[in-house]
Structure formats: structure tokens, C-alpha cells
Amino acid sequence: MSLSISLAINGRQHDVALNDPRVTLLDLLRERLDLPGTKKGCDRGQCGACTVLVDGRRINSCLALAASMDGAEITTIEGLAEGDELHPVQAAFIEHDAFQCGYCTPGQIMSAVGLIKEGMAGDDPERVRELMSGNICRCGAYQGITEAVLEAGRKAAENAQPQTGNPDTGKDAA
Amino acid sequence: MAIAEVEKQGVGVSMLRKEDDRLLRGRGQFVGDVRLAGMKDVAFVRSPIAHARVKGVHPPEDLRSQVVTAADLEGVKPIRAVSGLAGFKPSDQPVLAFEKVRQVGELLAMCVADTRAAAEDIAARVELDLEELPAVHDMIAARDKDAPLLHEDWGDNVFLETFVDVNIEAAFDAPIKITREIKTARQSMAPMEGRGTVAYWDKRMEQLVLISGSQMPHIVRTGLAECLGLGQHQVRIVSPDVGGGFGYKGILLPEDICLGWYAMRCGHPVRWIEDRREHLTAGANCREHHYVITAYADRDGKLRGIDCEATVDSGAYSSYPFSACLEAAQVASILPGPYDFPSYRCRTWSVATNKCPILPYRGVARTGVCYALELVLDAVAREAGLEPHEVRLKNLVQPDQMPFDNITRKHFDSGDYPEALQRAIEAIDVKAIRERQKRGEENGRLIGVGHSIYCEQGAHGTSVYSGWGIPMVPGHEQATARMTPDGGLELRVGVHSHGQSMETTLPQIAHEILGIDISKIKLVHGDTEYTPYSTGSWGSRCAVMAGGAVAAASRDVASRARKIGAHLLQVHVDDVELVGGRVKGPSGSVSLEEIAHTWYRLPQNLPDDVDPRGLEGTVGHKPKRDTGTFSYAAHAAVVAVDPENGDIEILDYVIVEDGGKLINPMVVDGQIYGGLAQGIGTALYEEMNFDSSGQPLASTFADYLLPGPTEVPAPRLDHMETVSPYTEFGVKGIGEGGAIAPPAAIGNAVNDALKDLGAELVRTPMTPRRVLEAIFAATNADSQDHSDRGGRT
Ligand code: FES
Ligand code: FES
């Protein structure tokens, strides 16, 4: 049985025929749509490496069935920067040495973008750690990650006032 | 201007990393990201039983061509990692098991299909006929006379027993004698990216190409070629971006050999990407040690001697290249730590059990050794009524003794251990903690302060490893430096980065010597085809060995560039110097760009006697002494222990480290933070348990707990800088150190918190249940001997 879905990924429309209804969003991205930037660390919702934004909300793409994504707007790590210009969260990750091997990094960054959008962490490092706790980094770059998320959050808050658009919506990147 | 650039980019500068951009954009290429036309997926059939006779492996008839069993692998040799140490018993690790399986997860068949899911469907249909044997799951019981045997021809289950005795009798009359039985849990390295391999046969090059996240591609090539009976020129190993290794990616896997064998015959690429369950249950085990350790001391805390029996659970096979005895043999030589005492005895056993082979994990044996020794030193302090740091200060090797040959003939190159400890004690403010302890906590929690100190041998070379006689002995480390026609530089090294930032730090070294802007220096690594032979990235050796080689190769190119530059300036070579990327004479200068342009594109302008090797050089490097650098650190922790529920919270953490000259301090900080995170995992969370039938009990991250951002506090770092007298720039290896000391520092802090209850915890991880058990044991069985606490389970 083949199932057809239509979804927007990083602003591009994709029509996909799923020949296996069990395929996850993560495998769809990585194996079918040539978007391997999103990583697989556990395939069970326990590490956060596969985090993407679906309609602006962060989710573990290894736990989402591709079949349930009909009509969704998805942002992955590949769609975050505007050409050469890095997204503020990405730039903050460089500035704060927030990774070593870089394997957890796409998930960390997408999770941070989602978190800043949620607006729940404010300027509190403990809250940031708590709300980023679904993303494991075995290289242990938590210190840098926390600082990077705080800085990007501060910048987003500053920019949110005078400007009309929110620089942290995944859609902007499309 | 040029000078300013040198200051911004050379050795000692916290430069932002060159590798960051692609990783941040999701453009890194890890092995799972490789896409090749026609590539098929592999799933393995693995043993569900820890110890069994293999009576039969039956692929489904209709899918026979998609299944490989041991019977198919004619001529393929087993993995055999021997050690030259006297009495070592080698094991043959079959690529696919046939007579026996000796661990859960051992490979029995390989299934190939268009997708992993389809391959797993085939694997599920392969019928196994296994006759279960009693399993060996406890390393102490494994040494019993009547224990079942893993390798029947051995007669026992001991890979290797070692013994060293330096006048231990002289310590026996010491007034203080403290004995503890101490255990560290079996762990998994758990890099976020597991192992993975893509294999294909390159028809034009007549070469088997294996793309595999590896810390040591050249060693994998050597081992793989030997198992498959190929010439080494017929094998190429490509290690792309590597998502963390920590030791796990430093080995040759049977999976690699299986895929290689298949790729040579099937006409299309195949890939296997380890899933998390495979990783946790079948692939990566480390750290499981058992100590019975006695400290002899005088009343003033001066150590008279250490006596120890140490056992390491080495698992079923000796893995390639480090062998099954790496940990236990190291225990005997590094147990004395940074201390100076006159008597020592240590007996060690590397024991075979029905678990997956033990592999070196960041810090290797040091984490366990540091935990055992530092715990027993704190017990000595309690017995003597002294502050633990007072006992340590009495026994640490003093700076004026450096360089120092210790009781096991380790040669400490340089350092001021007491200073590091004192700084840590001051920073954590032991006095204030003692006051706070007196006042007590309103919420009933118990506060404790603890510390630990270690020194870490890194970049040890030929003289150390030749004695072990394992399949890999590091010699000279080589690097190639090659100027490009536009004045840029390529560096080629055989080590490989799995997060260490080498694409930044090694160019910083070349920049220091040549002055070429770092954006124009490219590191080529992770490919046996393009890089000089190397034992790879392990043993905290890359900064010292590859860094030294890059410096030597850069100097080689610099000297030839100077000669060409002098000729272009029409002056004698003795009258020029290379500064900031320009060769400067008494009245004028010429850039490296112009020099490179001349060598490659205007050779008519070169002097007649120009060195024909041009602007390219491969140079080998060894430090002046190859016995290793000794970086060191003192860690100090304050914890709050809740005696009601056993919870441990880290309130403060201080690290004072000395890694000699740091190439990039920011990168070193990152390594220390990361090591600390892993050390906290060892101390409080991570445990790979097996039941009595040898079944692994943790198969997901819900059972195997990794520390997350809320578990790892922000430590306070303090740096000292004592250069090594033997290395380029005085650098020392420091990549592993952060993971060594935390279990000991936290363990001592916990025991400090529990001391008024008379409780003591001597096992990792220090879980709430174990805390409560220790308290319960102390309050309910006051007469119980200490050594029973945290004893065998
Ligand atoms: S891969 Fe999705 S949470 Fe780990
Ligand atoms: S950077 Fe390696 S796992 Fe996070």
C-alpha cells in the first residue's frame, strides 16, 4: 500500500509516496530526501540528535511517523542559515565553543531555536539547562551550549522589540 | 601587522574552530551520511545467548544469497590481538561465530537488503541452533577452579596475570593499615554517533575501500588486510567526520571485516550503521575493575606502602589492537599515582567473561585506579585524624624532585603537584565547608567536600609499547607539509580527529612557524591514501606527536622557502628570516605566495642549486624522550547528600590543571568540560549491568543513563603551565584527563558527607540506592567490617 503525503521542508514543497507506512520523519529526511544533517543517535526519543521544527515546534523526528506529516512545515538544520549568514543560534554556538565532534549539534541547535521561540527560558541558565535536557551531548559541551542559548535568547529578545518579524521562526529561513 | 597576526593565530591562542562551519550547517559528513549508488544495507544476526555451542545457523532457503554465515568466509582469519607480556593467552575472535558464541551480541550471520528494515526482516528469519552453556559473568568467580571455561584450551579464564613487588614487607609494621574492596562499574563509551562502515570495491584502483568512523585508520587497514589476506595496498580506509570516539572507535571490528569480505564479491557498496541497542549490548564495554587495596601509613599520614590485588573484567576476546590486558597491566604500573612512597606490591588479573570485550575508554585504567587509590587515601586521613589534603601533600612528588622516576619506573617529566592541590583546596574553600558542616543544613542534607589528584601519561611511545608487544607500537609520528602554488599550505597527518579540533590546532602550529594565515592552511586527515602511516588518535598523543611532526615538517618547508626567498632577494640565506609569512632580508622582503609561485610556476627563476624537494616535506617526529608527558590536575568537589532518598547534588566543582603549553586554551577547556561530564557519568549514573546468565541489562538510554545538561555543573577552571622539557613548545597530552579524577573527587566528597554516620561508599556509580545501602549498613551493622561494604554482588 502506498501513501502519499505533501509537506514543506525548509520552504520547499515535497510530494512523497511512502511505500512503507512505518517510515519515521527522521528516516524520510535522511534516507529519502537527501537531508542527512539531522542526526540519529538512538532512534528512540532519548537523545535529541534528531530534533527538527514541525510547524515551529521542536520534536524528535525519530518518534514521528512520516505519514503523520501531511501538510506540515518542517525546518531542519539545513534550512536554518540564510545563505552564508548563519542563524543567530548557529553563530552563538561558534562563539561559545558549544560543540566538539558536532554530531549532537544539529539537534542542539534546532532544540535551542525551538526553545527561544517558546520564550520559556528567559535569562536563567538553570531553566535553559532544564529545557535543553532532552538533548544529550556526549562530548559534554553543556557549558558552551548553555551560554550560546542564553546569548542567542538575549539577542532574539532585543530584536523582537523593534522589528516586525521574529528572527527565530523556522519559516524565516525558508 | 604581520606580527599581530602571528599573535592572533599561533600556538597559545584561543582561536575559534575552523571545523565549526560545516558541522553547524548540518554539512558534516559522518559515515551514516555517505550515499553511494546501489548501496545496500546490512543487519547482523547476533547471539541472544552469552555462552553457547553453535550447532547450526540456518538462513531461509529463499534468501540464501542475501545471507552470509561463517561457512561462507573461507580463508578469513579471526581477529587475534596478542600481547608479548609473559604468560598472555591469546584469543581468536571469529568474524562470524561458528563453534561457540561467547557473548550476547556476537555475530552469527550477516544479512543484506535494500534497506536496514528489510535486512532486519531477513535476520529475523535466520534460524539458530544454540546449545546454552553456563555463563561466566562475575570476574572474581571466573577465577574459581570449577568455573566454566570460555576458551577451553586455556585451562582457566585468565588472559594475563602480572605481579610486581617492591619491598612490600618493609611496610607491614606501619601503625595505620587500611584495606578496602573497591569496584567500578562496567560502562559503555556511548559516543552520540555509533560505529558504522560503508564498504565497496574500487575497480579502477583494485582496492577495497572502507569508509568507517575510526580514530586510527592506518591500524584498521593493517588489521583488516591481515584478516582478509590482502596486501595493504589493496585496502584504503577513509574516516570521515567522526561523532565522538572516546576509545570505542580505536578498534578493528568483526563487522568491518565482514563488510569488507562481502564488498569484494558483491559488486555494490554495502553499509552497516550500528544502532544504539547494538552499541550498548554488543559493542562497547569498558572500565569494570575490582580492587582489594591496602594502604600502609604512619600516624602523620606519610605513606609507607600500597598493596593491591586488582582484577579487570576483560570480556570474551582480546580486541585489536590494544589487547585484553591493556587495562589490568596498566593498573599495576600507574596505581602509585603522583605519589612517592617506598614499598609497593600489585597483582593483577585480566579475566575472560561472557561479556563483550573490554576496550579502552577515555582515561583508560586511570579512572578506576585514581578512584581506588584516592578513596583509600581519604580513609587513611580519617583514620589519622588529618585533613585528606594534608595526607596528600605529605606524599606527593615535589617539584624539586622533577623529573622523577617513580616506584614503577614511570618518568614524570615536569610539574608542581602540591601547588595544583593547594590551589584546588583554596578555591573550593575547605575551611568554609568545615564551618558549614558544623552548622548543618536546614533541609537535613549532609554536605561533603572531597578532592583527588592524578597525573596522566600521554603520548608514550616506542619504549613503553614495545614492552607490551601488542599489535601496534608507535614509532616516529610523521606529517607532510606542502605549500600550494598560491602560497597556502596542506598538512597531512595520520591521526584523526573525533572532536579534538585538529583542523584548527594543527594549523595553528604550522602558522606559528610559517606565518601563513590559518584560513589558507588545510588539514588533510582520515584517509590512508593521503596521509602518512600513524597509530592514530589515542593515549592523549595527537598534540604532542602529530603537533610535533607538523612543527618539524613546517620547519623543513620553511628552510627551503627561506633559500628560495634569499635567492629572489639576491642576498645570502643567512641574512634572511621568515616572519609573518614573508622572507625578509636586510632591505626588502618577499612573500611566501611569491616564493610558492616561483617554485611551481616560474622555475626558471630558481637558483641552480635549489633543493629539488621543493616546498613539500614529510618529516618524522619523536619527543626527546618517548616515555610520555605527564599532565596532571587536582579536582575538588562539594556535594550535598540527602540521607532520606540517597540523592547526591554537586554544589561546586573546581579543576586546577596543568597541560604544559596549551596550543589552543579554548579547545583545552572544552576537553576538560567534556571529560568532567563523562567523569560525572562514571561517578553517579552509568552502569552496564549483566545478569547471571550474561544478559546485558541496559539496551537503551533509558537504562544506561548519560549525564545531561542538568547533571553537569559549570566547573571553575584554573590553569597552570609547566612545560614538558621533551616536547615541541613544551606541550603535554591532556585530552583524557578530565574524565579521570571526578569519580574519586565526588566519591571522597560523598564519603566526607557520610563520615559522621560511619558510612562509606566504595563503588561506582554512586546511585541513590547505593547511598542508602551504605547508610543502612553503617547504622544497622556497626560491627561489620569495612571491606564488606560495597562488596561483591
Ligand atoms: S535519534 Fe531521536 S531522540 Fe535520539
Ligand atoms: S559535540 Fe559531540 S556529542 Fe555533542
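Residues numbered from 1 in each chain as written. Chains lettered and ligands numbered in written order. Predicted model: local features only at pLDDT ≥ 70, side-chain atom pairs only at ≥ 80, totals over all residues.

Asks: Help me understand the overall build of chain A, please; the structure alone is not making it clear to me.
Replies: When its secondary structure is counted, chain A shows five helices and five strands. For chain A, the α and β elements follow one another from N to C terminus as β-β-α-β-β-β-α-α-α-α. Its C-alpha atoms give chain A a radius of gyration of 16 Å, within 12% of the compact-globule value 16 Å for 174 residues. For chain A, the spread of C-alpha atoms along the three principal axes comes to 50 × 40 × 30 Å. In chain A, which comprises 174 residues, the share counted as buried stands at 52%. (Helix = DSSP H or I, 4+ residues; strand = E, 2+ residues; numbered from the N terminus. Rg over C-alpha atoms; globule rule 2.2 N^0.38 Å. Buried ≥ 20, exposed ≤ 12 C-beta atoms within 10 Å, placed from the backbone.)

Asks: Explanation requested: the overall build of chain B in the structure shown.
Replies: When you go through chain B residue by residue, the secondary structure sums to 18 helices and 28 strands. Its C-alpha atoms give chain B a radius of gyration of 28 Å, near enough to 28 Å, the size a compact globule of 793 residues would have. Put simply, chain B has 793 residues, and 59% of those count as buried. Sequence-distant contacts, at least 24 apart, represent 80% of the contacts inside chain B between residues at least 6 apart. (Contact = placed C-beta atoms within 7 Å.)

Asks: Whenever I open this one, the confidence of the model for chain A confuses me. Can you help?
Replies: It should be kept in mind that the predicted coordinates are not to be read in detail where pLDDT is low. On average, residues of chain A score 91 in pLDDT, and 91% of them are at 70 or above. Contacts from residues 163-174 of chain A, a stretch scored under 50 in pLDDT, to residues over four places away or in other chains number 26 contacts. (pLDDT = per-residue confidence, 0-100.)

Asks: Would you explain the sheet that holds strand β2 (residues 12-18) of chain A in this entry?
Replies: The strands making up a sheet associate through backbone hydrogen bonding, with each pair oriented either parallel or antiparallel. Residues and elements named next belong to chain A. Strand order across the open sheet formed by five strands is β2-β1-β5-β3-β4, with mixed pairing between neighbours. What marks the edges here is a single partner per strand, and that holds for β2 and β4 (57-60). Between one strand and the next, the sheet's axes are offset by a mean angle of 40°, whatever the strand orientation. Relative to β2, strand β1 (residues 3-9) is paired through seven bridges, and the arrangement is antiparallel. Note on β2: the bridge partner recorded for Ser4 is Ala17. Across the sheet, helix α3 (residues 105-118) touches β3 (51-54) and β4, and the angle it forms with β3 is around 35°. (Pairing = 2+ DSSP bridges. Axes fitted to C-alpha atoms, helices over the stretch in contact; angles between N-to-C directions.)

Asks: How should I be thinking about the packing of helix α8 (residues 366-384) of chain B against helix α9 (residues 388-395) of chain B in this particular structure?
Replies: Helix packing geometry: the angle between the two helix axes and the distance between the axes. All names here are of chain B. Axis separation between α8 and α9 bottoms out at 8 Å; the angle between their running directions is 110°. With respect to α9, the element α8 is oriented roughly perpendicular. Considering the relative orientation of α8 and α9, their crossing is right-handed. Seen from α8, the contacting residues are Leu377, Asp378, Val380, Ala381 and Ala384; seen from α9, they are Pro388, Val391 and Arg392. For the contact of α8 with α9, the residue count by class is six nonpolar, no polar and two charged. (Parallel < 35°, antiparallel > 145°, perpendicular 65-115°, else oblique. Left-handed = near helix turned anticlockwise from the far one by under 90°. Nonpolar A, V, L, I, M, F, W, Y, C, P; charged D, E, K, R; others polar.)

Asks: Whenever I open this one, the domain arrangement of chain A confuses me. Can you help?
Replies: Many descriptions give the size of an interface as the accessible area lost when the pieces come together. Residues and elements named next belong to chain A. Each domain of chain A was delimited in the assignment, giving domain 1 (3-79) and domain 2 (88-168). Using only C-alpha atoms to locate each centre, domain 1 and domain 2 end up separated by 21 Å. Facing 15 residues of domain 1, the contacting portion of domain 2 comprises 13 residues. Where the side of domain 1 that touches domain 2 is concerned, the elements lending two or more residues are β3 and β4. The element that contributes the greatest number of residues to the side of domain 1 that touches domain 2 is β3, accounting for three residues. (Domains from an automatic or database assignment.)

Asks: Any chance you could explain the UniProt feature "domain: Aldehyde oxidase/xanthine dehydrogenase a/b hammerhead" (unreviewed entry) in chain B here in plain terms?
Replies: Summarizing the sequence annotation, UniProt attributes the feature "domain: Aldehyde oxidase/xanthine dehydrogenase a/b hammerhead" (unreviewed entry) to residues 25-134 of chain B in the numbering used throughout. Taken as a whole, residues 25-134 of chain B contains 9% helix and 29% strand, while its terminal C-alpha atoms sit 51 Å from one another. (UniProt positions renumbered as here; feature names shortened; annotations may be inferred.)

Asks: Would you take a moment to explain the environment of Glu390 of chain B for this structure?
Replies: Residue position: Glu390 of chain B is located in helix α9. Expressed as a C-alpha distance, the spacing of Glu390 of chain B and Gly708 of chain B, which sit 318 residues apart in the sequence, is 34 Å.

Asks: Which parts of the structure should I look at to understand α8 of chain B?
Replies: Turn by turn, an α-helix covers 3.6 residues, leaving residues three or four places apart pointing in a common direction. All names here are of chain B. In this model α8 runs 26 Å from its N-terminal to its C-terminal C-alpha over 19 residues, within 8% of the 27 Å that 1.5 Å per residue would give. Counting buried positions along α8 yields 17 of 19 residues, so the element is predominantly enclosed. Where α8 ends, the next residue or the one after it, Gly385, has phi of about 70°, a positive value. (Expected span 1.5 Å × (residues − 1).)

Asks: How should I be thinking about the domain arrangement of chain B in this particular structure?
Replies: All names here are of chain B. Looking at the assigned domains, one finds that chain B contains domain 1 (2-27 + 476-621) and domain 2 (289-462 + 625-788). Distance from the C-alpha centre of domain 1 to the C-alpha centre of domain 2: 40 Å. Among the secondary structure elements, those contributing two or more residues to the side of domain 1 that touches domain 2 are α13 (502-514) and α14 (542-569). Broken down by element, the side of domain 1 that touches domain 2 gets its largest block of residues, six residues, from α14. Taken together, the residues that form the side of domain 1 that touches domain 2 break down as eight nonpolar, eleven polar and one charged.

Asks: Can you walk me through the sheet that holds strand β13 (residues 289-297) of chain B in this structure?
Replies: Residue and element names in this part refer to chain B. Taken together, the five strands give an open sheet; going across it, the order is β7-β15-β14-β13-β8, and neighbouring strands pair in mixed fashion. With partners counted over all chains shown, the strands left at the sheet margins are β7 (158-166) and β8 (176-184), one partner each. In this sheet, neighbouring strand axes are inclined to one another by 5° on average, regardless of whether the strands run parallel or antiparallel. Of the strand pairs in this sheet, β13 and strand β14 (residues 303-313) are connected by nine bridges, and their pairing is antiparallel.

Asks: It is not clear to me how unusual backbone geometry should be interpreted in this structure. Could you clarify?
Replies: Backbone geometry follows two general trends: most residues other than glycine have a negative phi, and most peptide bonds adopt the trans configuration. That bond from Met402 of chain B to Pro403 of chain B is cis: its omega, -10°, falls within 30 degrees of zero. Relative to the helices and strands, Pro403 of chain B resides in the loop between α9 and β16 (404-405). At the junction of Thr764 of chain B and Pro765 of chain B, the peptide bond is cis and its omega measures out at -10° in the coordinates. Structurally, Pro765 of chain B is set in the loop between α17 (742-754) and α18 (768-780). At Asp34 of chain A, a position not held by glycine, the phi torsion is positive, near 55°. Of note in the backbone geometry, Phe729 of chain B takes a positive phi value of approximately 60° without being a glycine. Examined against the element boundaries, Phe729 of chain B turns out to sit in the loop between β28 (716-720) and α17. Classification of Phe729 of chain B by C-beta neighbours within 10 Å gives buried; the count is 20.

Asks: Just to check I follow, could you spell out the interface of chain A and chain B for this structure?
Replies: Listed as interface residues are 43 residues of chain A and, on the opposing side, 39 residues of chain B. If one sorts the elements of the side of chain A that touches chain B by residue count, helix α5 (residues 142-160) of chain A sits on top with five residues. Partitioning the side of chain A that touches chain B into residue classes produces 21 nonpolar, 14 polar and eight charged.

Asks: Sorry if this is basic, but what is going on with the confidence of the model for chain B here?
Replies: All names here are of chain B. Looking at chain B, the pLDDT average stands at 95 and 97% of residues meet or exceed 70. Within the model, pLDDT remains below 50 along residues 784-793, and this stretch shows 18 contacts once partners closer than five positions in the same chain are excluded. Note on the complex model: pTM 0.95, ipTM 0.95.

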